[in-house]
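A structural walkthrough
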Amino acid sequence: MKRVRALAAKELLHILRDRRSLAVAVLMPVVMVALYGAVIDMEMHDLPVAVLDQDHSDNSRELVRSLGAGGFIVETARLEQAAQVEPGFRRGAFMAALVIPRGYSRSVADGEPATVQVLVDGSDAATAAMAANYLQAVVQREARRIAAGSGGGAPAFTVRPRVWFNPELRSAHFVVPGLVALVLMMICAILTSIAIAREKETGTLEQILTTPIRPAEVIAGKVLPYVGLGALDAALILAIGRFAFHVPMNGSWFALAAYCLLFIVIALGAGLLISAKSPSLRVAMMAAVTVTMLPTMILSGFMFPVSSMPAPLQVLCRLLPATHFLVVLRGVMLRGVNWFPHETAILAVQAVVLLVLAIRSFRLRLE
Amino acid sequence: MSATSSTSTSVDGLAVHVRGLTRRFGDFTAVDGLDLDVREGEIFGFLGANGAGKTTAIRMLCGLLQPSSGSAMVAGVEVGRHARELKRRIGYMSQRFSLYDDLTVDENVEFFGGIYGLEGAPLRERSEELLPLLGLADRRRTQAGALPLGYKQRLALGCSLLHRPRVLFLDEPTGGVDPVARRRFWDLIYAQAAAGTTVFVTTHYMDEAEYCGRVSIMVQGKLVALDTPGGLKALTGGRDMQDVFLRLVEA
Amino acid sequence: MNDAIVLDGLFKGYGAVPAVRGLSLSVPAGTICGLIGPDGAGKTTAMRVLCGLLRADRGAARVLGHDCATAALEVKRHLGYMPQRFSLYPDLTVGENLRFFADLFDVPAAERKRRDAELMAFSRLEPFRGRRAGQLSGGMKQKLALSCTLIHTPAVLILDEPTTGVDPVSRREFWRILRELAGNGLALLVSTPYMDEAALCDDIVLMHAGRALAQGTPAAVAASFPRRLLEVTGADLIEAGRRLREASIVGLDVQRYGDCLHLVHDDQAQADAAARALAGTGAVLAPLAAGIEDVFVEMMSRADAEVAM
């Protein structure tokens, strides 16, 4: 125990005295959240949309009015005929067009499926998808309102959960949990991957190995200080998300903290495993970026939904701790669910396996 | 540019001409009013205790560090004013060889030649001349990392000689090699000096100090002695250079 | 054998490259054994086997009777090891480095404070307790590294080239400390590339290419020089060397040693021929007892000649 404490204290001194690395570890999450949040928020502001209202009814006018309500869409053009849509797209005058056909009001009143056409410029796929989703959501809401007001039949739309829990499709809500996962992976895995490899390179490890230390003590001593650093980063990101981007927090902070700690341990385990296996500092850093950061960014569902990936990749996604962590985070923050037995089990197993592997692969000899 | 004009102001026959050279780091004076003349073709031993300021002085003479005050002419160039021209005229080799372990002997030579603007026929000619002299002719395709230490040292020396420097700085060049390899290395140094190159060398092997024409000993930023090894022994009454060093540094 | 450090027929290679080829030595408590030889001779490998950092291919390594491979933990408790490269933390202060190693060795608090004070006094590092290790001079770094290896009061000390790159004054002080430690009953194994440090050891092993060229007390090793030796002084050595080369006397080896030449030869005829070649240069020839370096150079060239054949 004394040895673990000695190692942890020493490691903490390294962290505190290396001002530049410390600054990177603290500033990087702040900058990332600020940039991601700002960029994505801007993207969803003032999306140019054209409207072609062929119905000219109260209901259709109401639908058009409700478009601008969220502040995401600005109505840039009122079209007179369908032939104007394509030239508009080509000019880049608008990203999407909403066509309300003649008879819209009547079908809605009759409780029949209303056919509203949403045309989207697919050349910017990400924006297009968001625009389509948003327009669809607005139309559905309108339809429900009308149906409720007329006392008619049930609305003829199925509602998607994503829209339900993030009704304004605010990306910041969706992105901030992803950033927590990404930054924790980067900071924890990369910093600890350096931790042992650096001692190999400077020769200090050789000195430590001639003391009566055990591998588990080395790993524990190295993990502890970084748990603190990781927790600090997680708190920073969540605070910025909460106060600057108004990401909702519907679940319990305690559950959130517990899951973050679990994920931090996984990331540290991965970093230490890489560090113990790497012959040099350079290899360790490159391996850490390749094995932890890139998959977390691409495969975890942070940017691209897992469900839309090819099946073999989905298997890979399910192996990734960040995938499960994201499910949990979004669940706690957006949906207010605090307990995820399935994900908890997977994450706990991953944490234990990584730590055990790190301890096992740490050699007390130099060969 | 003005490098040629500074050449004309050089003191005749002196490869290194230093007056009042001083370097401060904050309150700490690492080199304190150094005066030093080294003749062309001389082998000059620059000795001192660890932390006495040798490295700082050599860095200034090689144009890597700006002096706080004083002046130094090396190979006819004012140090600190014409660093690029200075570097064309000097060679530098340290114990921490700057060789690339994953490049072969030839590739290292090509790289260092390239840095000094030497390529094609002139580079081939120069390496044909140097490599046999260094005993590396039959190892040209060996990666530097696979060479025995003695050979590595000779390769590093060769790389610092490619551009025919007028002054050669050697910073503890023989650390860790066996006595036979060390003597071979010194044979090479003698050959260079005989050909007119000035050699400025630091070492912790005191028997090597005997191989120098003149030796200076630095203590806490100042020169405490400068003479031939024989002169220093007469001055201090020391048996050998080890004895001389101990007497002067501990005085 | 009851000696504190024992190597018995040690073989150790890295893949197909042999590093140590049959090395035996033993160091009793209270003595200093010097492993003397250039880089690549196998000194570091032999020491790492003793510290349990490497496993021997063949042969035995024991410290205080404990096998270094099977009882590594027990060995480590009684052993202080100072690797060749400075291996303390440059961003930690002198005091913090010392404290860290005390904790790794589980030194009890009271014992640690006493030991800390002792080591600071003998290394004269007390004024620098708060200074970062990276900002110490070379000699002070070596003394701090030594202090860290002594914090748990080991019975055996293994030092890998502690004086390489250190100036003669610091080297002399360092050796004075080592002699004091031996006086306290420690067994020391010290490697060095400096031949002149042989005289400071009780026993020496001259190493080259993984083997011992010669071993024993420094006097015995020097006396084992198998040929005759003349010292040349009083002449211009470069001129004298040139003349001797031109005379091409068969069997005569000429080596420069500081301010004189050593003429290694086998009989009087060769000595006379050398004297004739140097006639008129003012050279004084005198018989000389061989030193450690003469033995090393001679044995090394014999060993290399054997390999070449």
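Structure first, text after, so check above.
None of these values were measured; they are calculated from a predicted model. (Residues numbered from 1 in each chain as written. Chains lettered and ligands numbered in written order. Predicted model: local features only at pLDDT ≥ 70, side-chain atom pairs only at ≥ 80, totals over all residues. Heavy atoms only, no water.)

Now for the interface of chain C and chain B. Each partner contributes to the interface: chain C provides 26 residues, whereas chain B provides 25 residues. Both faces considered, chain C and chain B share a buried interface measuring about 2200 Å² in area, 57% of it formed by carbon and sulfur atoms. Per-residue buried area on chain C facing chain B is highest for P168(C), V169(C) and R256(C); these three make up 25% of the total on that side. There are 3 salt bridges connecting chain C and chain B. For D259(C), the salt bridge is made with K233(B), and the minimal N-O distance between the two is 2.4 Å. Joining chain C to chain B, the criterion identifies 12 residue pairs in polar contact (both at pLDDT 80 or more). Listed by contribution, the elements that provide at least two residues to the side of chain C that touches chain B are α5 (138-150), α6 (168-183), β12 (253-257) and α10 (292-308) of chain C. Per element, the largest residue contribution to the side of chain C that touches chain B is 5 residues, and it comes from α6(C). Residues that form the side of chain C that touches chain B fall into these classes: 12 nonpolar, 6 polar and 8 charged. (Contact = heavy atoms within 4.5 Å. Buried area = accessible area lost by both parts, 1.4 Å probe. Salt bridge = Lys/Arg side-chain N within 4 Å of Asp/Glu carboxyl O. Polar contact = N/O pair within 3.5 Å; in protein donor to acceptor, adjacent residues only side chain to side chain. Helix = DSSP H or I, 4+ residues; strand = E, 2+ residues; numbered from the N terminus. Nonpolar A, V, L, I, M, F, W, Y, C, P; charged D, E, K, R; others polar.)

Turning next to the packing of aromatic side chains. Applying the stated criterion across every chain yields a total of 14 aromatic pairs over all chains. Between Y89(C) and F100(C), the ring centres sit 5.5 Å apart and the planes meet at 80 degrees, which makes this aromatic pair edge-to-face. Highlighted residues: Y89(C) in the loop between β6 (79-82) and α3 (94-104) and F100(C) in helix α3, separated in sequence by 11 residues. Taking the relative accessible area as the measure of exposure, Y89(C) reaches 4% and is therefore buried. Taken together through their ring pairs, the aromatic side chains of F44(B), F46(B), F169(B) and F200(B) make up a single cluster. R182(B) extends its terminal NZ or CZ atom over the ring of Y205(B), reaching a point 3.8 Å from the ring centre. One cation-aromatic arrangement involves R171(C) over Y194(C); the distance from NZ or CZ to the ring centre is 3.6 Å. (Phe/Tyr/Trp six-rings, centres within 6.5 Å; stacked < 30°, edge-to-face > 60°. Buried < 20%, exposed > 50% of the residue type's maximum accessible area, 1.4 Å probe, protein only. Lys NZ or Arg CZ within 6 Å of the ring centre and 35° of its normal.)

Another point: unusual backbone geometry. Despite not being glycine, A75(B) has its phi angle at roughly 50 degrees, a positive value. Located in the positive-phi region is D106(C), a residue other than glycine, with phi close to 60 degrees. On the basis of relative accessibility, which here comes to 38%, the residue D106(C) falls in the partly exposed class.

Time to look at the sheet that holds strand β2 (residues 17-27) of chain C. All names here are of chain C. Taken together, the 4 strands give an open sheet; going across it, the order is β2-β1-β4-β5, and neighbouring strands pair in antiparallel fashion. Strands with a single pairing partner mark the edges of an open sheet, and in this sheet they are β2 and β5 (66-67). Across 8 bridges, strand β1 (residues 5-14) lies against β2 in antiparallel orientation. Pairing of F11 across the sheet is with R21, part of β2. Against the sheet, helix α1 (residues 43-50) engages β1, β2 and β4 (58-63), with an angle of about 115 degrees to β1. (Pairing = 2+ DSSP bridges. Axes fitted to C-alpha atoms, helices over the stretch in contact; angles between N-to-C directions.)

On to a nonpolar patch on the surface, then. All names here are of chain A. A cluster of nonpolar side chains, namely L294, I298, M303 and F304, defines an oily patch on the protein surface of about 350 Å² accessible area. Of note, M303 is situated in the loop between α12 (281-299) and α13 (311-319). Residue classification places M303 among the partly exposed positions, given a relative accessible area of 38%. (Patch = residues over 30% accessible without salt bridge, like charges linked within 9 Å, V, L, I, M, F, W, Y side chains within 5 Å. Areas by Shrake-Rupley, 256 points an atom, 1.4 Å probe, with all protein chains shown as cover.)

Turning our attention to the interface of chain C and chain A. Interfaces are often described in size by the accessible area the parts lose on coming together. Listed as interface residues are 35 residues of chain C and, on the opposing side, 27 residues of chain A. Summed over both partners, the interface of chain C with chain A buries about 2900 Å², with 54% contributed by carbon and sulfur atoms. Considering only the surface of chain C that becomes buried against chain A, L53(C), Y89(C) and L104(C) emerge as the three largest contributors, covering 22% of it. Between E206(A) and R48(C) there is a salt bridge, with the nearest N and O atoms lying 2.9 Å from each other. Counting across the chain C and chain A interface gives 16 residue pairs in polar contact (both at pLDDT 80 or more). The set of elements that each furnish at least two residues to the side of chain C that touches chain A consists of α2 (72-77), β6 and α3 of chain C.

Residue and element names in this part refer to chain A. At their nearest, the axes of helix α10 (residues 215-244) and helix α15 (residues 341-361) sit 8 Å apart, and the two run at 125 degrees to each other. One way to sum up the angle between α10 and α15 is to call them oblique. The way α10 lies across α15 gives a crossing that is right-handed. Where α10 approaches α15, its residues P215, A216, I219 and V223 are matched on the opposing element by L355, A358 and I359. (Parallel < 35°, antiparallel > 145°, perpendicular 65-115°, else oblique. Left-handed = near helix turned anticlockwise from the far one by under 90°.)

Residues and elements named next belong to chain C. Within strand β9 (residues 203-208), 5 of the 6 residues are buried, which leaves it mostly tucked inside the rest of the structure. Summarising the sheet, strand β3 (residues 32-36) and β9 pair through 4 bridges and their orientation is parallel. The partner of L35 across the bridge, within β9, is V205. One ladder, built from 5 bridges, connects β9 with strand β10 (residues 211-216); its direction is antiparallel. Across the sheet, residue H208 finds its bridge partner in β10, namely R211. Connecting β9 to the antiparallel partner β10 that follows it, the hairpin turn spans 2 residues, and A209 within it adopts a positive phi of roughly 50 degrees.

Residue and element names in this part refer to chain C. This model, assessed by the stated rule, comprises 51 salt bridges over all chains. Put simply, E74 and R77 hold a salt bridge, and the shortest N to O gap is 3.9 Å. Within this pair, E74 and its partner R77 are both found in helix α2, separated by 3 residues, close to a single helical turn. Judged by its relative accessible area of 39%, R77 is partly exposed. The partner of E118 in a salt bridge is R114, with the nearest N and O atoms 2.7 Å apart. One end of the pair is E118 and the other is R114, both in helix α4 (residues 109-123) and 4 residues apart, which spans about a single turn. By relative accessible area, which is 35% here, E118 ends up partly exposed. It is possible to trace a salt-bridge network through shared partners that takes in R227, D253, D266, E298 and R302.

Turning next to the sheet that holds strand β1 (residues 47-53) of chain A. Residues and elements named next belong to chain A. If you trace the 4 strands from one edge of the open sheet to the other, you get β2-β1-β3-β4, paired in mixed fashion. The sheet is open, and its two edges are formed by β2 (73-78) and β4 (117-120), each paired on a single side. For this sheet, the mean angle separating the axes of adjacent strands, direction not counted, is 30 degrees. Sheet topology note: the β1/strand β3 (residues 96-100) ladder contains 5 bridges and is parallel. Bridge assignment links V49 to a residue of β3, and that residue is A96.

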